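Summary of structural features
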Amino acid sequence: MQFHTDLIDDGVRVRVEEPRLDAAIAIRFKDRLRDVAARHGPRILLDLTPVQFMDSSGLGAVLAIRRILPDGHRLELTGLTPNVDRVFRLTRMDTVFTIHRDPDALLPPPAPDDEADR
Amino acid sequence: MIDDMPFPDYGDRRPCGAPMFHRILAAEPLTVQQALIDLRVRFAGAVPADALDRMELAMAEVLNNIVQHGRHPPGAAPRGRLPPVTIHLTVTSHAGGLACAVADDGTPLPPSCLVPARLPPPEIAALREGGFGWFMIRDLTQSLFYFREQRRNVLCFHIPPAEDGRRPSGTAVVA
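Just so you know, these numbers come straight off a predicted model, no measurement behind them.

Reading the values: rules and limits
Residues numbered from 1 in each chain as written. Chains lettered and ligands numbered in written order. Predicted model: local features only at pLDDT ≥ 70, side-chain atom pairs only at ≥ 80, totals over all residues. Heavy atoms only, no water. Pairing = 2+ DSSP bridges. Helix = DSSP H or I, 4+ residues; strand = E, 2+ residues; numbered from the N terminus. Axes fitted to C-alpha atoms, helices over the stretch in contact; angles between N-to-C directions. Contact = heavy atoms within 4.5 Å. 1 Å grid on protein atoms, 1.4 Å probe; cavity = no way out; pocket = protein on both sides within 12 Å on 5 of 7 lines; lining within 4 Å. Points joined across faces, edges and corners; volume = space filled by probe spheres on them. Nonpolar A, V, L, I, M, F, W, Y, C, P; charged D, E, K, R; others polar. pLDDT = per-residue confidence, 0-100. Buried area = accessible area lost by both parts, 1.4 Å probe. Polar contact = N/O pair within 3.5 Å; in protein donor to acceptor, adjacent residues only side chain to side chain.

**Considerations on the sheet that holds strand β3 (residues 97-104) of chain B**
Residues and elements named next belong to chain B. Reading across the sheet, the 5 strands line up as β1-β2-β3-β5-β4 and stay open at both edges, with antiparallel pairing between neighbours. Whereas interior strands pair on both sides, the edge strands pair on one side only; in this sheet they are β1 (20-26) and β4 (142-149). Within this sheet the neighbouring strands show an average axis-to-axis angle of 10°, counted without direction. Pairing of β4 with strand β5 (residues 152-159) involves 6 bridges; the strand directions are antiparallel. Paired with arginine 148 across the two strands is asparagine 153, which belongs to β5. Of the strands in this sheet, β2 (86-94), β3 and β5 are in contact with helix α2 (residues 49-69), which crosses β3 at around 10°.

The following block contains the structure:
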């Protein structure tokens, strides 16, 4: 279960570095994400760009985290690939999350020290 | 696990028709995951990518339900730790889409699973533990059909080539 976390202005961006968010991984995913959500916030931005497949177990894990977020925290989504988007759409769970359609637009502007070719 | 069989060597006379997939597997998360990955490989390029995506999702939900709820009937297995139930999985491609059949030797499927039902309002549904699996199966499939055959559950369904159930333009049934 691979995560990549970046601190952003008002919380943390969590990129799920897994091709499948399915029944075989859902419990580990939920445990890891719960730990991250407990340590960071208030915004937890879940970046699902690498996830090519998600089933109702994966969806259930995301919803479980949403239910147990500390007060004042919020879970937002970005990087939904077509198959992941389909699950949110079919179940209408796209209506309960803030979903950002352009993951790169959410990246903080690079700090001067990070600029390449200098 | 008995793996799916390669096509026999017909020499120049290839069997007509599209690829098929058959596998017998234990109802466990990792064997199910591998079957889904192999299914995708088997049909990649032979059916519309979107139909393959819908089949993978519907099949994942069907198989996960068996992993999660499939239990041997009382007396069907020796006492002690029971092995997982066994799944027979068959998918065939044809002009009208993908025909899928899933059999397992667990206890009967509760009839309520197949009854069309609406999800509660999203904010309520989001607070529940589950209930999305069968909802998605019913939404993604056509001709969803269940019967109990002796000691087996048999679930058959069909995945249309296009999401609205019509064939993609420019295709025709050749039978």
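After that view of the structure, there is still more to cover.
**So, empty space enclosed by the protein**
Under the criterion given, the structure shown has 1 cavity of 30 Å³ or more. As a volume, the largest cavity reaches approximately 40 Å³. Lining the largest cavity are Arg20, Asp22, Ala23, Ala24 and Asp55 of chain A together with Pro29, Val32, Gln33, Leu36, Ala60 and Asn64 of chain B. Elements supplying a minimum of two residues to the lining of the largest cavity: α1 (29-43) and α2 of chain B. With 4 residues, α1 of chain B is the single largest residue contributor to the lining of the largest cavity. Residues that form the lining of the largest cavity fall into these classes: 6 nonpolar, 2 polar and 3 charged.

**Here's the deal with the confidence of the model for chain A**
Residues and elements named next belong to chain A. Put simply, chain A has an average pLDDT of 88, and 86% of its residues get 70 or more. Looking at the elements of chain A, mean pLDDT is at its lowest for strand β1 (residues 3-8), recorded as 91, and at its highest for strand β5 (residues 53-54), recorded as 97. Segment residues 114-118 is flagged for pLDDT under 50; beyond a separation of four residues in sequence, or across chains, it makes 2 contacts in the model.

**Concerning the interface of chain A and chain B**
Contacts between chain A and chain B engage 22 residues on the former and 29 residues on the latter. Summing both sides of the interface, chain A and chain B together bury roughly 2100 Å²; the carbon and sulfur share of this comes to 58%. Interface area lost by chain A to chain B is led by Arg67, Arg86 and Leu90 of chain A, which between them contribute 29%. The tally of links between chain A and chain B comes to 9 residue pairs in polar contact (both at pLDDT 80 or more).

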